[in-house]
Amino acid sequence: MENTNETRDDFPAALFEFEGQSLRWMDLPTLFGDRLPCLPVVLRLLLENLLRNMRGDERRAAVAALLAWIDTGTSEAEIAFQPGRVLMHDTTSTPALVDIAAMRNALAEAGVDPSVLNPGLPVDVSVDHSLAVEAFAQKNAPTLNLQHEIRRNQERYRFLRWASKALTGVHINPPGTGIMHTINLEQLATVVTTEERDGATWIVPDMMIGTDSHTPMVNGIGVLGWGVGGLEAQTVMFGMPTMLRIPDVIGVRLVGSLQPGSLATDLALTVTQRLRAIGVAGEFVEYFGPGVATLTAGERAVVANMAPEYGATTGYFAIDQSTLDYLRATGRAEAHLRRVEAYARRAGLWFDPEATPRYTRTIEIDLDAIGMHVAGPRRPQDLLSYADIGRALDAVGFAAKASVEAAAMPRHPVGIAAITSCTNTSDPALLIAAGLVARKARRLGLAVPHWVKTSMAPGSPAAASYLERAGLLDDLDAVGFGIVGYGCTTCIGNPGPLTEPVRQAQVDGHSKAVAILSGNRNFPGRVHPDIELSFIMSPPLVVAFGLAGDAERDLSAQPVQTLPDGRAVHLADLWPTREEIATHLALGADPADYRRDFKIASANPLWHALEAPSTPLFPWDAASTALRRPPFAAVTEGSLLGHYAAYPLMVVGDDITTDHISPASAIPPDSLVADFLVARGDDRRDLNVFASRRGNWEVMMRAAFHSKTLVNMLAPGLPLAHTLHVPSGDVQPIWDVAQRYREAGDSVVLVAGERYGTGSSRDWAAKGQRLLGIRAVLALSFERIHRSNLIGMGILPLRLPAGTGPQALALAPGDRIEITAGPADIAPRASVAVRVLRADGRIEPIAATAAVETQLEVDLLRQGGVIPAILKQTIAAHGGKAPEPAHALA
Ligand code: SF4
């Protein structure tokens, strides 16, 4: 990227004098004058970043393209982005760190000192995704659940501890410290920071990426960051920038202010519905207008968090007084706040409610009009009033069978009522509101029906302190919503088992249970494998529906409960006023909680007692069912590009999520994956969740497409996780079929509909497909992170033109797909020759396009993916000898 011919710097750094310090900075207002305020703030941040990180002609071209964006509001140009830090969680970091461990082996085999391979920037890992709600509604639930988590995951956790010792820059936040995005808000985010560069100290905006789709939450406090796949994060960790097309920026103008009764969750769900309706996939969203100033930073973070639900890369709120208030409330030093304010104001990054920069498109949302909403029963964008859940469930059309035993159970019982997720537990106002509902319910003598599984798992250990100080923790405990731990729990599909009455009623066919949660996703099976219907709502509404126990009850008209004396208790009797929330927030607040409670949680003795090796190479255990050296973390992995005729391994429809492709939830004890693990010594009753096995490629390959709700259209009535081996007509487990194709030298591809790979940012969804031998995925459209992950694994994503989706193609057994995509044929958004070779001899061409956005992605595909690329670069830099690729594909 360095231009050796560059003789002068068009965009020189300036001096930022502040409180006796002389720092370097990119003085955007001086460099760009009147043009700067025309750019959305997110593009000003990208401009600052590229000025620091690009050089020469590429930098000049990128700056010109960004300024030209002001005229058109869109651009095809690509720019480099170099974040300052990386955030990961235990289930995305484990595979990434396993890859790095295996890459160290590959380096050693190539004659290179393995300890040279280390991330080049800080990597913070939160161990938050594996906490399950085994114990609930009891005082010691947090301790019991934490003990259970550590016992179940100890091998993986030892590995994480090895990584934190062996790899410089990797820091682990142990179980119990909270949810990654809450930790980011409360502990890690600086908003404005310093970095050492060229022998000088620079003042720079805090910008980051995370291997989790809800990373944009931190945009609520003015930190630009977004979710990437684990593979993209690996490229950044090892010195390559992430390249992105200059994004379209959707301006969401907020006017008015939230009215009493409406909460940040209601706003986030409304934004999700509005933006999904106009389609903002892959675009940046920025909030502007006078309504922004009426929101606290905590409320903004809830809205920013749901960017993946509205389909955007990120949803940004610029820095202002509310940002500073948040930093102060969470214990940041006053000197730091002064620096944030001074930098943001001078750099042209301070929020102005009157400003209207250029946006690609704008929409307006009136905060006054936001009502009490929920979303469901299957998608977060399906917005409805809290009063309409019954009607939505009616539309599901579940006909209950009569059952004497379960006669006391409603048709749609609340099986799970969970105050969960970073989204809705990071803003103290939401938990205080839930506590106030609990207090009023307790005083009226209400109790949760026996079939409801209740829980509260805040993102921050500070929640216990402020709820206790506000006097609400006891009330939450009393109605069953006591704290069960600090982690993702129900939100990631770890709610633990359903209560026995609900389980039995489902088995009997009397009831179809519903999950009520303050999460962000509700795809069927996401929350629990046996729960297909879920509604997302605010924490206080979760408490109310938990008390009602019947998801069909219209709480706008019907009572939450009727007391033994016949008195009906309505939602209005429980709902807190705005003043009550404010009073209790003030009662509970103490900025000292955040640092102190995090420190105490970080000292987790169970975690620190886990022994871990201190060697540069990880000592793989051949008998392990948790950690195995993956075959793709090798320099010998070749490119999958080429000219070939492939059998479709799978044909799937629209909205295939990464949960369908690579499940995270509990491993069913009667599954083939369970048989595989039991044959290797595991206990069938304690197999943990698929997500906990992401360090073992053999398990994850078998888990690929293990989803009850996935329909493989290749042949009718295919059993779970099976497909058709076309040449023989046999129906077998998918990996067996993949293996047969591989042994016969046959290529395979996958065909899909719209939004392939939506949902979580899990790189195993791409790794699983690589292990199955899939060379290309042909889809009508791709979700952003999954597309990037496919490329990271060397798999070519091909965009099918409208009208040629899986249904229209009507692939019949024996049809093959011919693809001409050699290394020289691929360029960003290039046309790729695809022909359907029908079994009866007909040939049908399709005008497909490479879903490849940047030259860096082209290079990665040519090298076989991210890992071979990093290995080749490291071996070349350290004088090693790379072995030849083990296989050359046609
Ligand atoms: S969205 Fe849910 S699973 Fe993801 S980090 Fe937040 S709590 Fe965890």
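Structure shown above.
Here is a short report on the structure shown in this document. In this text the structure is predicted, and so the values were computed from the model without any measurement.

Within a regular strand, the side chains alternate between the two sheet faces. Within strand E18 (residues 414-419), six of the six residues are buried, which leaves it mostly tucked inside the rest of the structure. Of the strand pairs in this sheet, E18 and strand E20 (residues 514-517) are connected by four bridges, and their pairing is parallel. Each bridged residue has a counterpart across the sheet, and for Ala417 the counterpart in E20 is Ile516. As defined by bridge partners, E18 adjoins strand E19 (residues 453-456) across four bridges and the pair is classed as parallel. Bridged to Ala417 within E19 is Thr454.

Another aspect to go through is unusual backbone geometry. The linkage connecting Gly376 with the following residue, Pro377, adopts the cis geometry, with an omega of 5°. Mapped onto the secondary structure, Pro377 falls in the loop between strand E16 (373-375) and strand E17 (383-385). One non-glycine residue, Asn688, lies in the positive phi region at around 65°. One can find Asn688 in the loop between helix H26 (672-679) and helix H27 (697-703). Taking the relative accessible area as the measure of exposure, Asn688 reaches 8% and is therefore buried.

This part takes up the environment of Thr177. Examined against the element boundaries, Thr177 turns out to sit in the loop between strand E6 (170-173) and helix H7 (180-188). Through-space distance from the C-alpha of Thr177 to that of Tyr486 is 6.5 Å; in sequence the pair is 309 residues apart. Not counting chain neighbours up to four residues away, the residues in contact with Thr177 comprise Ile183, Gly459, Pro461, Phe598, Ala601 and Ser602. For Thr177, the side chain forms a polar contact with the main-chain oxygen of Pro174, separated by 2.6 Å.

On to the pairing of strand E27 (residues 747-752), then. Extensive coverage of E27 is indicated by the burial of six of its six residues. Covered by surrounding structure in E27 are Ser747, Val749 and Val751 together with Val748, Leu750 and Ala752, the residues of both alternating faces. For E27 and strand E28 (residues 774-779), the ladder comprises five bridges, and the chain directions are parallel. Its bridge partner lying in E28, Val749 is registered against Ala776.

Let us now look at the side chain of Asn712. Mapped onto the elements, Asn712 comes out in the loop between H27 and strand E25 (722-725). Among the polar contacts listed, one links the side chain of Asn712 to the backbone nitrogen of Val651, at a separation of 3.2 Å. At a separation of 3.1 Å, a polar atom in the side chain of Asn712 contacts the main-chain amide nitrogen of Leu714.

Rules used in this analysis
Residues numbered from 1 in each chain as written. Predicted model: local features only at pLDDT ≥ 70, side-chain atom pairs only at ≥ 80, totals over all residues. Heavy atoms only, no water. Buried < 20%, exposed > 50% of the residue type's maximum accessible area, 1.4 Å probe, protein only. Helix = DSSP H or I, 4+ residues; strand = E, 2+ residues; numbered from the N terminus. Pairing = 2+ DSSP bridges. Contact = heavy atoms within 4.5 Å. Polar contact = N/O pair within 3.5 Å; in protein donor to acceptor, adjacent residues only side chain to side chain.

Remember, this is a structural readout, not a statement about activity or role.
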